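# Commentary on secondary and tertiary structure
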Amino acid sequence: MEKPIELQRDLPLKEAGMGKIPTQREPEVPRDGQQMEIKGVVDVSLVDWDGKVSSVFFLPSCNFRCPFCQNSALVLHPETEKTIPFPRVKDLLEKQKGWIDGVCITGGEPTVHHDLIDLCSKLKKMDFLVKLDTNGTNPTMVKELIERRLVDYIALDIKAPLSEKKYSKATGTYSKTLLAKVKETIETLLKSEIAYEFRTTVVPTLHQRDDIEEICRSIEGCRKYVIQKFRGENTIDPAFSGLAPFSDREMEVFVAVARTFLPNVATR
Ligand code: SF4
């Protein structure tokens, strides 16, 4: 007989790092109109957009502080990362024409930058498909990007069940307003015709089986849900670096739970 699967690996908060990086108020992000900077580019990626070959742009800053975030420098100290001027990025893209289908814009959180719209517009004029990775805290911008057909695919992170307590813990940020905005973005995508996925990175000490169930109940009608394995490297909260991810078997349990609510569930 198989050993029952134990999913409740709850460490004490201090051990899990939450005592070291306290949940905070909404962090400051760049003001509207401030020049956006591209801080990193991957020329060709086969893994950032299912079924597509893409380049990836990394934009700085974020309004969350997820303790398990792997882009700590980009989020906490974007000024220490070298900026790549757009003309150089444009040259790179021109050279990739015919090799890549499009560009994934990730971060950080791209939608904290007012001129993301301009960037997407430039990419569309160059005939590239555009994918946006977002934490969902700027529904107004997401709506505008969809309405103006400046994006072709949106990957929306759902960090935790949509309760203030659980979202604050998973994002390291206490903000009722931001959670309300995430909910608005979820509703926007559920009603939209655009191709999208909702995705949750599952992290031991933050997520359990019941959380997946709660998330899935709140996104009923979702056309694609992806459960991602956490990787404990360069995390915002050092206590999460080196933390073992859920096993393949544990991931299968999450998927099985999600499939009782949603038709199209995958792992990554
Ligand atoms: S995981 Fe995403 S939303 Fe969370 S801090 Fe990092 S960039 Fe921001």
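It should be noted that the structure appears before, not after, this text.
The rules we used
- Residues numbered from 1 in each chain as written.
- Predicted model: local features only at pLDDT ≥ 70, side-chain atom pairs only at ≥ 80, totals over all residues.
- Helix = DSSP H or I, 4+ residues; strand = E, 2+ residues; numbered from the N terminus.
- Buried ≥ 20, exposed ≤ 12 C-beta atoms within 10 Å, placed from the backbone.
- Contact = placed C-beta atoms within 7 Å.
- Core = buried A, V, L, I, M, F, W, Y, C linked by C-beta atoms within 7 Å.
- Axes fitted to C-alpha atoms, helices over the stretch in contact; angles between N-to-C directions.
- Parallel < 35°, antiparallel > 145°, perpendicular 65-115°, else oblique.
- Nonpolar A, V, L, I, M, F, W, Y, C, P; charged D, E, K, R; others polar.
- Pairing = 2+ DSSP bridges.
- Right-handed = clockwise from strand over helix to strand, strands pointing away.
- Left-handed = near helix turned anticlockwise from the far one by under 90°.

### Some words on the overall build of the protein chain
A tally of regular secondary structure across the protein chain gives eight helices and ten strands. The buried share among the 268 residues of the protein chain stands at 43%. Across the protein chain, every contact between residues at least 6 apart in sequence was considered, and the portion connecting residues at least 24 apart equals 76%.

### Concerning the nonpolar core
By size, the foremost hydrophobic cluster in this structure holds 62 residues, and its most contacted members are Val130, Ile154 and Ala258. Ignoring any residue separated from it by four or fewer positions in sequence, one finds alanine 258 in contact with Ile212, Cys216, Tyr225, Ile227 and Val265.

### What to know about the environment of cysteine 120
Relative to the helices and strands, cysteine 120 resides in helix H3 (residues 116-125). Along the sequence, cysteine 120 and valine 130 sit ten residues apart, while their C-alpha atoms lie 6.9 Å from each other. Setting aside residues up to four positions removed in sequence, cysteine 120 forms contacts with Val130, Leu145, Leu150 and Val151.

### Details of the packing of helix H4 (residues 139-147) against helix H6 (residues 176-191)
At a minimum axis distance of 9 Å, the contact between H4 and H6 shows a crossing angle of 20°. Of the possible angle classes, the one that applies to H4 and H6 is roughly parallel. Contacts from Pro139, Val142 and Lys143 of H4 reach H6 at Lys181, Glu184, Thr185 and Thr188. Among the residues making up the contact of H4 with H6, the classes are represented as two nonpolar, two polar and three charged.

### Regarding the pairing of strand S5 (residues 129-134)
It is a general feature of regular strands that their side chains alternate between the two faces of the sheet. Burial of S5 is extensive: five of the six residues sit out of reach of the surface. With four bridges joining them, strand S4 (residues 102-106) and S5 adopt parallel strand pairing. Following the sheet pairing, cysteine 104 is matched in S5 by lysine 131. A crossover links S4 with its parallel partner S5, the connecting element being H3, and its sense is right-handed. Where S5 lies against strand S6 (residues 153-157), four bridges are found, and the strand directions are parallel. What sits directly across from lysine 131, in S6, is tyrosine 153. Considered for its hand, the β-α-β crossover made up of S5, H4 and S6 is right-handed.

### Comments concerning the sheet that holds S5
One open sheet holds the eight strands; their spatial order is S2-S3-S4-S5-S6-S8-S9-S10, and the pairing between them is mixed. Across the chains shown, the open sheet's two edge strands, defined by having one partner strand only, are strand S2 (40-45) and strand S10 (265-267). Taking each pair of neighbouring strands and ignoring which way they run, the sheet shows an average axis angle of 20°. Lying on the sheet, helix H8 (residues 248-259) is in contact with strand S8 (195-202), strand S9 (225-229) and S10; it crosses S9 at an angle near 165°.

### Here we look at the packing of H3 against H4
With their axes 11 Å apart at the nearest point, H3 and H4 run at an angle of 20° to one another. One element, H3, and the other, H4, form an angle in the roughly parallel class. Once H3 is placed against H4, the crossing between them reads as right-handed. Every residue of H4 that contacts H3 at Leu116, Ile117 and Cys120 is listed here: Met141, Glu144 and Leu145.

### Some points on unusual backbone geometry
Excluding glycine, a negative phi dihedral is what most residues carry, and trans is how most peptide bonds are arranged. Between glycine 107 and glycine 108 the backbone carries a cis peptide bond, its omega angle lying at 15°. Relative to the assigned elements, glycine 108 resides in the loop between S4 and H3. Backbone geometry at aspartate 127 places phi at a positive 70°, although glycine is not the residue there. By the element assignment, aspartate 127 lies in the loop between H3 and S5. C-beta crowding within 10 Å serves as the criterion here: with 8 such atoms nearby, aspartate 127 is assigned to the exposed category. If you check the backbone angles, asparagine 234 has positive phi at about 50° while not being a glycine. Within the secondary structure, asparagine 234 is located in the loop between S9 and H8. For asparagine 234, a count of 13 C-beta atoms within 10 Å corresponds to the partly exposed category.

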